[in-house]
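Listed below, chain by chain, are the residues.
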Amino acid sequence: MKMLRALATTVALLSPLAAGSAAMRADNGLTALGKIERGEWTLRAADGSSRSICVTDPQMLLQLHHRGAACTRFVVEDGSLGGRITYSCPGIGNGATRVVVETPRLIRLESQGISRGLPFSFEYEGRRTGPCR
């Protein structure tokens, strides 16, 4: 009986830790990105500069600075309107990205990290502007 009580106590103490680790899991991306439309997107920074990108897979927005690199991603927060991930690209750097999906044609994107030993940080408002060219 004592052994059963000790086991129950141990399980009760470890349950919150297990729940917390589930919040940070290895994954490929964020659920909310499945809502956005594919096509040409214009990413506009607060300083007025902009860049265009053809979005064929919305998950590519999660590591814009390390686009195309083989990175390991961890979902920190995943909700119906957006979320946050961290990622690590061996030998290149790492980053953290937060995305908010306002509508299928409007997103907010923030990312920061290290690339080849140098820091980067950006915030964009992304709008779908048409089909990819």
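Going by the structure above, here's the rest.
Residues numbered from 1 in each chain as written. Predicted model: local features only at pLDDT ≥ 70, side-chain atom pairs only at ≥ 80, totals over all residues. Heavy atoms only, no water.

Chemist: Could you clarify how one ought to interpret the pairing of strand β2 (residues 39-45) in this entry?
Modeler: On any regular strand, side chains alternate: one points to one face of the sheet, the next to the other face. β2 sits mainly inside the fold: six of its seven residues count as buried. As paired strands, β2 and strand β3 (residues 50-55) are joined by six bridges and run antiparallel to one another. Directly across from G39, in β3, lies its bridge partner V55. If you look at the hairpin formed by β2 and β3, you'll find four residues sitting between the two strands, and G48 has a positive phi there, around 95 degrees. Strand direction decides the pairing type here: β2 and strand β8 (residues 118-130), joined by six bridges, are antiparallel. Note on β8: the bridge partner recorded for E40 is G130. (Buried < 20%, exposed > 50% of the residue type's maximum accessible area, 1.4 Å probe, protein only. Helix = DSSP H or I, 4+ residues; strand = E, 2+ residues; numbered from the N terminus. Pairing = 2+ DSSP bridges.)

Chemist: Honestly, the nonpolar core in this entry has me stumped. Any pointers?
Modeler: Generally speaking, a soluble globular protein has its nonpolar side chains buried in company with each other. Residues L33 and L64 are the most contacted members of the largest nonpolar core, which totals 25 residues. At the level of elements, β2, β3, β5 (82-89), β6 (93-103), β7 (106-115) and β8 are the ones that each hand at least two residues to this core. L33 has contacts with P58, Q59, L61, L62, V99 and V101, leaving out every residue within four places of it along the chain. (Core = buried A, V, L, I, M, F, W, Y, C linked by side-chain atoms within 4.5 Å. Contact = heavy atoms within 4.5 Å.)

Chemist: Sorry, what's going on with the environment of S52 here?
Modeler: Along the polypeptide, S52 turns up in strand β3. Sequence-wise, S52 and E40 are 12 residues apart; in three dimensions their C-alpha atoms are separated by 6.8 Å. With near-sequence residues (within four places) excluded, S52 lies in contact with E40, W41 and T42.

Chemist: Looking at this structure, I do not really get the pairing of β5. What am I missing?
Modeler: Note that strand β4 (residues 72-79) and β5 share seven bridges and pair antiparallel. Bridge pairing in β5 links G79 to G82. Here β4 hands over to β5 after two residues, the two strands then running antiparallel side by side. In this sheet, β6 lies alongside β5 in antiparallel orientation, the contact comprising eight bridges. Bridge pairing links G82 to V100 in β6. Linking β5 back to β6 in an antiparallel pair, the connection comprises three residues, with G91 at a positive phi of about 80 degrees.

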